Amino acid sequence: MDFGRRSTMQPHNDPYGNARSNLPVPATVKKPTPGHGRMSLAGPAMRAPYPIPPGTNPRQSLMRSQNVNPLMQSASKAQNFGRTPMRSNNRRGSMWQGGSQGPAMPSGQTFMKDSRPLRERSYQAKMRQDIGQFLMSTGFEVAPQMLQHITGKDFRAVFQHLITCLDPLWPFHVELRFEEHFVQALRAMKYPYVGQLDMKWLPTPSAMHSWPALLGMLHWLVELNKAREHYMNSRHPTLQDPAFIPDEFEDMNHHLALALDHNANAYEVFLEGQDVFPEQEKMLEERYAKKDARVLEDLEKLKDKLKEIQAEWEQLKKSAPPFEELKKDNGSLRRDKLKFEEILRRFEERKQKWMRLVQDEKTELEYNIASLEKMQAEEQRLTDIVKVQNLSPEEVLRMNTEHESLTLELESLKHKITETSQVVVRLEVSLTRKVSDAEEALDQYTSLLSTLGLFPPLPPPLEDIDLTIDLHSAAGNPQDLLTGADIRKVVKPTLSRITEMKRTAHADVESERIRVDDELDQLSLECETIEEEAIEVMNKTNALSDQADELREAAQQEATVSNAEALRLERELGAARTAAMANGVGVKSRLQAYQIAYVHP
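The present account deals with the structure reproduced in this document. Keep in mind that this is a model prediction, so the values were computed, not measured. (Residues numbered from 1 in each chain as written. Predicted model: local features only at pLDDT ≥ 70, side-chain atom pairs only at ≥ 80, totals over all residues. Heavy atoms only, no water.)

1. Topic: the pattern of salt bridges
- Under the defined criterion, the tally for this structure stands at 19 salt bridges.
- The partner of Lys 301 in a salt bridge is Glu 297, with the nearest N and O atoms 3.8 Å apart. Of this pair, Lys 301 and Glu 297 both sit in helix α6 (residues 278-318), 4 residues apart, which is roughly one turn of that helix.
- When the shortest N-O distance is used, the salt bridge between Arg 345 and Glu 349 registers 2.5 Å. With Arg 345 and Glu 349 both in helix α7 (residues 323-388) and 4 residues apart, this pair spans about one turn of that helix.
- For Glu 349, a relative accessible area of 38% translates into the label partly exposed.
- Through salt bridges that share partners, Glu 342, Arg 345, Arg 346 and Glu 349 make up one connected network. (Salt bridge = Lys/Arg side-chain N within 4 Å of Asp/Glu carboxyl O. Helix = DSSP H or I, 4+ residues; strand = E, 2+ residues; numbered from the N terminus. Buried < 20%, exposed > 50% of the residue type's maximum accessible area, 1.4 Å probe, protein only.)

2. Some points on a nonpolar patch on the surface
- Residues Leu 382, Ile 385 and Val 388 make up a contiguous nonpolar surface patch of about 270 Å² in total accessible area.
- On the basis of relative accessible area, Ile 385 is assigned to the partly exposed category, the value being 33%. (Patch = residues over 30% accessible without salt bridge, like charges linked within 9 Å, V, L, I, M, F, W, Y side chains within 5 Å. Areas by Shrake-Rupley, 256 points an atom, 1.4 Å probe, with all protein chains shown as cover.)

3. A word on the packing of helix α1 (residues 121-137) against helix α4 (residues 211-232)
- Put simply, α1 and α4 touch, their axes get as near as 9 Å, and they point 45 degrees apart. One element, α1, and the other, α4, form an angle in the oblique class. Of the two elements, α1 crosses α4, and the hand of that crossing is left-handed. Contacts between α1 and α4 involve Gln 124, Met 127, Arg 128, Asp 130, Ile 131 and Phe 134 from the first element and Pro 212, Leu 215, Gly 216, Leu 218, His 219, Val 222, Glu 223, Asn 225 and Lys 226 from the second. (Axes fitted to C-alpha atoms, helices over the stretch in contact; angles between N-to-C directions. Parallel < 35°, antiparallel > 145°, perpendicular 65-115°, else oblique. Left-handed = near helix turned anticlockwise from the far one by under 90°. Contact = heavy atoms within 4.5 Å.)

4. Quick notes on the packing of helix α5 (residues 252-271) against α6
- Put simply, α5 and α6 touch, their axes get as near as 9 Å, and they point 160 degrees apart. Classed by the angle they form, the pair α5 and α6 counts as roughly antiparallel. Crossing of α5 over α6 shows right-handed handedness. Here His 255, Leu 258, His 262, Asn 265, Ala 266 and Val 269 of α5 lie close against α6, whose contacting residues are Gln 280, Glu 281, Leu 284, Arg 287, Tyr 288 and Lys 291.
- Grouping the amino acids of the contact of α5 with α6 by side-chain chemistry returns 5 nonpolar, 4 polar and 3 charged. (Nonpolar A, V, L, I, M, F, W, Y, C, P; charged D, E, K, R; others polar.)

5. Quick notes on α1
- With 17 residues, α1 should reach 24 Å at 1.5 Å per residue; the first-to-last C-alpha distance of 24 Å fits that figure.
- Looking at the buried residues of α1, the elements they touch are α2 (152-166) and α4.
- Of the residues one or two after α1, Gly 139 is the one with positive phi, at around 85 degrees. (Expected span 1.5 Å × (residues − 1).)

6. A look at the nonpolar core
- Ranked by size, the top nonpolar core spans 41 residues in total, and within it Phe 155, Phe 159, Phe 182 and Met 217 carry the most contacts.
- Elements that contribute at least two residues to this core include exactly α1, α2, α3 (178-188) and α4.
- Of all the elements, α4 adds the most residues to this core, at 10 residues.
- Setting aside anything within four residues of it in sequence, one finds Met 217 in contact with Arg 116, Phe 155, Phe 159, Phe 182, Leu 186, Tyr 191 and Leu 197.
- Residues Val 435, Leu 454, Ile 469 and Val 491 belong to the second largest nonpolar core, which totals 10 residues. (Core = buried A, V, L, I, M, F, W, Y, C linked by side-chain atoms within 4.5 Å.)

7. Looking at the packing of aromatic side chains
- This model, assessed by the stated rule, comprises 8 aromatic pairs.
- Relative to Phe 178, the ring of Phe 155 has its centre 6.4 Å away and its plane inclined at 85 degrees; by these criteria the two rings are edge-to-face. One end of the pair, Phe 155, is in helix α2; the other, Phe 178, is in helix α3, and 23 residues separate them in sequence. Across the pair, Phe 178 and Phe 155 agree in class, each one buried.
- Judged by centre distance (5.9 Å) and plane angle (25 degrees), the rings of Tyr 267 and Phe 270 are stacked. In this pair, Tyr 267 and Phe 270 are both assigned in helix α5, 3 residues apart and thus about one turn of the helix distant. Both residues of the pair, Tyr 267 and Phe 270, count as buried.
- Grouped by ring-pair contacts, the aromatic residues Phe 155, Phe 159, Phe 178 and Phe 182 constitute a single cluster. (Phe/Tyr/Trp six-rings, centres within 6.5 Å; stacked < 30°, edge-to-face > 60°.)

8. A look at α6
- Taking the largest bend as the criterion, α6 deviates by roughly 45 degrees, centred on Asp 292.
- Lining the buried residues of α6 we find α5. (Bend = angle between axes of the 7 residues up to and from the residue.)

This is the structure:
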């Protein structure tokens, strides 16, 4: 495939053992800047380690992030896009700083002291257990007693396995000694106690003086691997994986992840010879549109709510102040309060009346019960007397006859009493119904008085009249059943008079309304006439203003012409004055010459 323009820059030396890529570049309008080659969007192959989010481990790991993004881990891609070819092999550059570093420890440097209890057997057993479990979980075969009596070969295999788990692309070159790999790897991993390790321990790592420090180093690498695994599975935003980005986000790492994914996809299209990326830009715009969808929806709702509030505010500004209406309502409520207090007083009096009536009935019932008991005692006493008396048969017959006649009379009297009681009950029921009807009628009458505002005091000239009526159903005298003003002589005439007053007031109001409507019509007609006259005056004024403007322009033009003519005349006058002065000087010179010639012939 011919890509048109290709890079003409020669590869230069790379400090990490790589060379500049001679990737084909599509033709573009922009010319390359002199002195600078076109760089890959993926950047150099080696990248600095990514920051790790804070964890519970007090030893902060400096492990490099294994980003799953195609541009951040190009070696894992099936294609060869975005990879920078190396000079010696096809592996990606690692954190290894090159072969310039030696195994010797710098002299005079102050190292951090290891505070771990490495000499304690319990702590060593725990470290061996943690290391063995991690090696088995990663597929490394570990013998049961290997970490207690480890050989130099096994130590090297375990160390290389742990470093490879941290960085799968770490270069373990065959031509370099293990001691050089050991120091370089620990320094790259930022092991804080590397200064306390001696390279002479590596051939025999299981020695008593060397094994605790080397075991602590291996345990530190295991903890670093666990921290790396926890970080890679934490879905933290700093991983910059587009698959972990929620629909709505604000974290800058999520923005960077989307930008990196967009650049990777665009770079693939760029390597195919295209300079524009509409599909990739469309995908990015759709992703951000999805992010802002709910915010935009909330914004539209808030805008609609704002419009409603503004419309309500405008309506409130146009409407009259509610103070007068509230003042009027307050007066009505005060009057209603007085009326309801009067009604409550009446109902309280009625309650007290019924309570007194119930108390009287209870007293009468107790009196009747006591009388019944006395009569029963008297009957028992008479029965006992008859039993103790010795009477003859004639007396007994006579007494029986009298008893039978008295019994018949008593039965007839009881029958009459029963009939009288039934009549009394019917009359009481009828009276109760009539009293209830009368009370309902009075309640309706009182409600109408309250509705019409006819509770005392009445408006003048009826302020001395009280239209309220009370019913006393328990009164013994029929004249005392109703208390208050006389219905025929006072209430009905007063109500008729109030009705006539209301009708008169209504008629007056209607007449006043008609008069006001007529005045409004006349005022409207006069306003229309005045508006027409004002329009005519404005038209005349505009016409006069136009004429004044024309006269002003004509005067200005004439003044301009007059000024030009005056300037011309002034110039001519100056020229004439100059010519006259010149002629006068010449005449004076000739006169003097003649005078001299005459005096001295």
